[in-house]
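Report on the structure
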Amino acid sequence: MLFLLRMALLALLIISVTVFGIVFCLFTLRSKNRVYHLGRVFAHVASLFGLSVEGRVSEAAKQVPQAVYVANHQNNFDLFTLASVVPEGVVTVGKKSLRWIPFFGVLYWLSGNFLIDRENRKQAIATIEQIVTKMKTTGLSIWMFPEGTRSRGRGWLPFKRGAFHAAVQAGVPIIPVVCSNTHNQVGLNRWHNGKVIVEMLPPIDTTGLQETDVVELLESCEALMHQTKQRLDQELARA
């Protein structure tokens, strides 16, 4: 019964948010905060799945006017958990194929997010350069998932370099965002599915770094995020 109720509410929510979101985006096409405002809506949906989300944002991260945010990517619930810490003036970077997802795709495109072709390496590199140009001309930050796809319980997937190239080329810091484990946490027939912690870490400075420093930057950031996730998971396990 609870499963059917949740599915009905979710279907209604998807339709409502999509219609509202499309209208909102059409009337705010010049706004840099479309993703931020939609994120506030999605953040409240976590409770529909019985999740209690605690967002933690470092004070240093709050002071950064522009950055490349990198987050771990676990499953579809990321849309509702990570939204709790999405800052103003940010857009995400995703695959072109996302625009074909029913309902969500149109909203994702109209929100001003950047779409790249990950199947074409040369095109992807050119797109990163275009993104950097847009960052410099608009002042927007970008949010990326360096694992490239949802891990879905397969553990920590290797990071790709795109986000780190973008940060170095744009001359902005990397800000890691880590979500505690949500794999197999949500049971749609349970009222309560526990707590999730999303932590935005202090910025990692890229001042003076060159393209040759990207691999070291990636590896240090990946290690830091992996350690943070272990810490968050252990904290929740003790609670």
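Owing to the predicted nature of the structure, the values given are computational and were not obtained by experimental measurement. (Residues numbered from 1 in each chain as written. Predicted model: local features only at pLDDT ≥ 70, side-chain atom pairs only at ≥ 80, totals over all residues. Heavy atoms only, no water.)

Examining the side chain of H73
Mapped onto the secondary structure, H73 falls in the loop between strand 2 (68–71) and helix 4 (78–81). A distance of 2.8 Å separates the side chain of H73 from the side chain of D78, its partner in a polar contact. (Helix = DSSP H or I, 4+ residues; strand = E, 2+ residues; numbered from the N terminus. Polar contact = N/O pair within 3.5 Å; in protein donor to acceptor, adjacent residues only side chain to side chain.)

Describing unusual backbone geometry
A negative phi angle is the norm for most residues apart from glycine, just as the trans form is the norm for most peptide bonds. One non-glycine residue, N184, adopts positive backbone phi at about 60 degrees. Assignment of secondary structure puts N184 in the loop between strand 6 (174–179) and strand 7 (195–200). The class for N184 is exposed, based on a relative accessible area of 66%. (Buried < 20%, exposed > 50% of the residue type's maximum accessible area, 1.4 Å probe, protein only.)

Description of the side chain of S58
By secondary structure assignment, the location of S58 is in the loop between strand 1 (52–57) and helix 3 (59–62). A relative accessible area of 16% places S58 in the buried class. Only 3.1 Å separates the side chain of S58 from the backbone nitrogen of A61, close enough to count as a polar contact. Ignoring sequence-local partners within four residues, the contact set of S58 consists of M200, L201 and P202. (Contact = heavy atoms within 4.5 Å.)

Some words on the environment of R150
As for its placement among the helices and strands, R150 is situated in the loop between strand 5 (141–144) and helix 7 (162–170). Of the residues examined, R150 reaches a relative accessible area of 24% and is grouped as partly exposed. Along the sequence, R150 and V93 sit 57 residues apart, while their C-alpha atoms lie 14 Å from each other. If sequence neighbours within four positions are ignored, R150 has contacts with H73, Q74, N75, N76 and L157.

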